[in-house]
Amino acid sequence: MIFITSNEGKFREAKALAEKFSIEIEWLRMEYEEPQGFELEEIAKRSAEIIANRIKEPFFIEDSGLFIEALKGFPGPYSSYVFKTIGNEGILKLMAGIENRKAYFKAVIAYFDGSKIRTFDGVVYGEIALEIRGEKGFGFDPIFLYGRQTFAEMGEEKNLVSHRRIALEKFFSSIKGEF
Ligand code: ITT
């Protein structure tokens, strides 16, 4: 089965978990246009519908984002653009002086099984750190505190608890019988 994503970090995490389920996944490194929307579910589903017009074999995509409570859910569905522009330092600047650091990561997988699309989601709660910490992982990992460590300090342990892990586990358990 194919995982379509331009993000190597996402693929690495999915591949490691897929192996535990004896599912083989292949990376199709491709950037695709994401329709604008307010909900990750809607964006993931509509993106998969568009791709399914071209790719006929089973594939999945995953749309994820960081939602910061004090910023009313920003950057949320705009996480990719915000990461590429202001990045972790920009988020820390926006959060300067703000006491409520609560945030969550959410991932939505949209899976095309050759005829229809199904979605699976996962959420992990944490806080925005006061500074950039850790070198592992990718994206917002160095500023996302899970307990006392950031995801970028946790390394492999992140993959036991992350939003992606939860969504992938639901997904892999649901399709296991189909392969
Ligand atoms: P694709 O759409 O090609 O899959 P992308 O990086 O553009 O790749 P998204 O549109 O889903 O992915 O954007 C998600 C953003 O949130 C992106 O900037 C990621 O770096 C970040 N992100 C998602 N999951 C993350 C995680 O587990 N740790 C850190 N950052 C994460």
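Note that the coordinates shown come from a computational prediction; the quantities given were computed from them, not determined experimentally.

**Student:** Quick one: what's the story with the nonpolar core, residue by residue and with numbers?
**Tutor:** When a protein is soluble and globular, its nonpolar side chains tend to lie buried together. With 19 residues, the main nonpolar core has Met 1, Ile 23, Ile 25, Phe 60, Leu 168, Phe 171 and Phe 172 as its most contacted residues. Residue assignment for this core shows that the elements contributing at least two residues are helix H1 (8–20), strand S4 (102–112) and helix H7 (163–175). Of all the elements, H7 adds the most residues to this core, at 5 residues. In contact with Leu 168, not counting residues within four places along its chain, are Glu 13, Ala 14, Leu 17, Phe 60 and Ile 109. Of all hydrophobic cores here, the second largest spans 17 residues; its members include Leu 40, Ala 44, Ala 52 and Phe 67.

**Student:** So what's going on with H7? Residues and values would help.
**Tutor:** Working note: α-helix, 3.6 residues per turn, so residues spaced by three or four point in the same direction. Between its terminal C-alpha atoms H7 stretches 19 Å, which fits the 18 Å expected from 13 residues at 1.5 Å a residue. Turning to H7, its buried residues are His 163, Arg 164, Arg 165, Ala 167, Leu 168, Phe 171, Phe 172 and Ile 175.

**Student:** Provide a residue-level description of H1, including the pertinent values.
**Tutor:** Compared with the 18 Å implied by 1.5 Å per residue over 13 residues, the 19 Å span of H1 between its first and last C-alpha is a close match. Of the residues making up H1, those classed as buried are Gly 9, Lys 10, Phe 11, Glu 13, Ala 14, Leu 17 and Ala 18. Lining the buried residues of H1 we find strand S1 (2–4), strand S2 (26–28), strand S3 (59–68), helix H6 (158–161) and H7. Looking one or two residues past H1, Ser 22 carries a phi angle of roughly 55°, positive in sign.

**Student:** Pulling in residues and values, what's your account of the pairing of S3?
**Tutor:** Of all 10 residues that make up S3, 10 are buried, and the element is covered over most of its length. Where burial is concerned, the two faces of S3 agree: the one with Phe 59, Ile 61, Asp 63, Gly 65 and Phe 67 and the one with Phe 60, Glu 62, Ser 64, Leu 66 and Ile 68 are both buried. Relative to S4, S3 runs antiparallel, the two being bridged by 10 bridges. Of the residues in S4, the one forming a bridge with Phe 67 is Tyr 104.

**Student:** Explain the sheet that holds S2 to me, and be specific about the residues and the numbers.
**Tutor:** Taken in spatial order, the 7 strands make up an open sheet running S2-S1-S3-S4-S5-S6-S7, and their pairing is mixed. Each having just a single partner strand, S2 and strand S7 (149–150) make up the two edges of the open sheet. Where strand S5 (residues 117–128) lies against strand S6 (residues 144–146), 2 bridges are found, and the strand directions are antiparallel. Within the sheet, the bridge partner assigned to Glu 127 lies in S6 and is Leu 145. Helix H2 (residues 40–52) contacts S1, S3, S4 and S5 of the sheet and is inclined by roughly 155° relative to S3. Sheet contacts for H7: S3, S4 and S5; angle to S5, the most-contacted strand, approximately 155°.

What counts and what doesn't
- Residues numbered from 1 in each chain as written.
- Predicted model: local features only at pLDDT ≥ 70, side-chain atom pairs only at ≥ 80, totals over all residues.
- Heavy atoms only, no water.
- Core = buried A, V, L, I, M, F, W, Y, C linked by side-chain atoms within 4.5 Å.
- Buried < 20%, exposed > 50% of the residue type's maximum accessible area, 1.4 Å probe, protein only.
- Helix = DSSP H or I, 4+ residues; strand = E, 2+ residues; numbered from the N terminus.
- Contact = heavy atoms within 4.5 Å.
- Expected span 1.5 Å × (residues − 1).
- Pairing = 2+ DSSP bridges.
- Axes fitted to C-alpha atoms, helices over the stretch in contact; angles between N-to-C directions.

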